[in-house]
Amino acid sequence: MLQGDNHEYKLAVKIHVIADNTDLSADEIQKLVEKAHEVCPYSKATSGNIDVEVSSEVK
């Protein structure tokens, strides 16, 4: 939950994906994560209502 300037609250989500044992680059993983967010039914249902930040890393 985030609190705005006028003490209102809103829901926000941060999703961080960690890829392991992959031959894909960090850029490729990030593109896949962003594409998954685009087609995710939950993401579609909450689009415009919830701030979402997606990130990734390769270990």
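Residues numbered from 1 in each chain as written. Predicted model: local features only at pLDDT ≥ 70, side-chain atom pairs only at ≥ 80, totals over all residues. Heavy atoms only, no water.

## Focus: a nonpolar patch on the surface
Now for step 1: Taken together, the side chains of M1, Y9, L11 and Y42 define a hydrophobic patch exposed on the protein surface, amounting to about 530 Å² of accessible area.
Now for step 2: Position of Y9 relative to the elements: it lies in strand β2 (residues 9-10). (Patch = residues over 30% accessible without salt bridge, like charges linked within 9 Å, V, L, I, M, F, W, Y side chains within 5 Å. Areas by Shrake-Rupley, 256 points an atom, 1.4 Å probe, with all protein chains shown as cover. Salt bridge = Lys/Arg side-chain N within 4 Å of Asp/Glu carboxyl O. Helix = DSSP H or I, 4+ residues; strand = E, 2+ residues; numbered from the N terminus.)

## A few points about unusual backbone geometry
Phi is mostly negative for residues that are not glycine, and the peptide bonds are mostly trans.
Now for step 1: Backbone geometry at N21 places phi at a positive 55°, although glycine is not the residue there.
Now for step 2: Here N21 lies in the loop between β3 (12-19) and α1 (26-39).
Now for step 3: Overall, N21 belongs to the exposed group, its relative accessible area being 77%. (Buried < 20%, exposed > 50% of the residue type's maximum accessible area, 1.4 Å probe, protein only.)

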